[in-house]
Amino acid sequence: MDVLQARLIEQIETDTRETRGYTGRARLGDAVIEAMRAVPRHDFVDRFGVRAAYANRPLPIGHGQTISQPFIVALMTDLMEPEPDHRVLEIGTGSGYQAAVLSVLVDEVYTIEIIPALAESAAERLEALGYDNVSVKAGDGYYGWPEAAPFDGIIVTAVGPDIPADLLKQLKPGGRMVLPVGTQYTAQELTVVTKLEDGSYTAREVLPVAFVPLTGDR
């Protein structure tokens, strides 16, 4: 497993170099790489063998959802610029893998999953693995987690056609939100949103991506 994990880190670093023309990043932060190394991905995709778990690609986790490609997990985490004292929000818990990576890097993680069965299994998995600074809730992440706001950073792991206004409200001034913008059937762009001190924001498209869609009533 150590060999597979090391090979995965090499692939993440290679993808980072090869996409630097889009992202502006030739390498990811050391803390993010160490978090990717520390979290055992095979514990979050138990339908597959260890070799498949450490392949640099997305995998189905049931209910029409996927666990993201490790490179994308690492990139989105790095783009959010996490700090040890941060409180962050994730939309789309899935199996809990992205939340686990974040938990190594920040003080508190709040994560929302719209599919109750996935929320329940992710919460059980994260607790069993000792990620005790992660709070999981079943609900529609499009509207965020206002009771726990504001957040230093937000990561959205499913695509929608716009930047959700409720999430912007819950982001601290100076905070960053990383999310795909587009639709399931058209171009999607990984986008970095930075909230300014006056409450306005800037948005920068970073990389063409492909995510499952946000679901829920809108």
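Structure first, text after, so check above.
Residues numbered from 1 in each chain as written. Predicted model: local features only at pLDDT ≥ 70, side-chain atom pairs only at ≥ 80, totals over all residues. Heavy atoms only, no water.

## Some details on unusual backbone geometry
Defined as follows: Each helix is a run of H or I in the DSSP string that is no shorter than four residues. Each strand is a run of E no shorter than two, and both are numbered from the N terminus.
The residue after Ala149, namely Pro150, is reached through a cis peptide bond having omega 5 degrees. Positionally, Pro150 belongs in the loop between strand 5 (134-138) and strand 6 (151-156). Residue His63 is not a glycine yet carries a positive backbone phi of 60 degrees. Within the secondary structure, His63 sits in the loop between strand 1 (59-62) and strand 2 (65-67). In this structure, Glu81 takes a positive phi of about 55 degrees despite not being glycine.

## A short note on helix 1 (residues 2-18)
To keep it simple, the criterion reads: Expected span, for any helix, means 1.5 Å times one less than how many residues it has. Accessibility here uses a 1.4 Å probe with only protein chains present; expressed as a share of the type maximum, an area under 20% marks a residue as buried, one over 50% as exposed, and anything in between as partly exposed. Here, the arc refers to the directions that run from the helix axis to the C-beta atoms.
In a regular helix each residue adds 1.5 Å, so 17 residues correspond to 24 Å; helix 1 covers 24 Å between its end C-alpha atoms and thus fits that length. Along helix 1, the residues classified as buried are Leu4, Gln5, Leu8, Ile9, Ile12, Asp15 and Thr16. Here the buried residues of helix 1 occupy an arc of 140 degrees about the axis, which is enough to place them on one side. Summarising the geometry of helix 1, the exposed residues directed more than 90 degrees from the buried face are Asp2, Val3 and Glu18.

## Thoughts on the pairing of strand 4 (residues 108-113)
The criterion, for reference: At least two DSSP bridges between two strands are needed for those strands to be called paired. When the strands point away from the viewer and the path from the first strand over the helix to the second turns clockwise, the crossover is right-handed.
Most of strand 4 sits inside the fold, with 5 of its 6 residues counted as buried. Here 5 bridges tie strand 3 (residues 87-91) to strand 4, and the two strands are oriented parallel to one another. When the sheet's bridge partners are listed, Ile91 is paired in strand 4 with Ile112. By the bridge criterion, 5 bridges tie strand 4 to strand 5 in an arrangement that is parallel. Directly across from Ile112, in strand 5, lies its bridge partner Lys137. In terms of handedness, the path from strand 4 via helix 7 (residues 116-128) over to strand 5 forms a crossover that is right-handed.

From the geometry alone we can't say anything about function, so treat these as descriptive.
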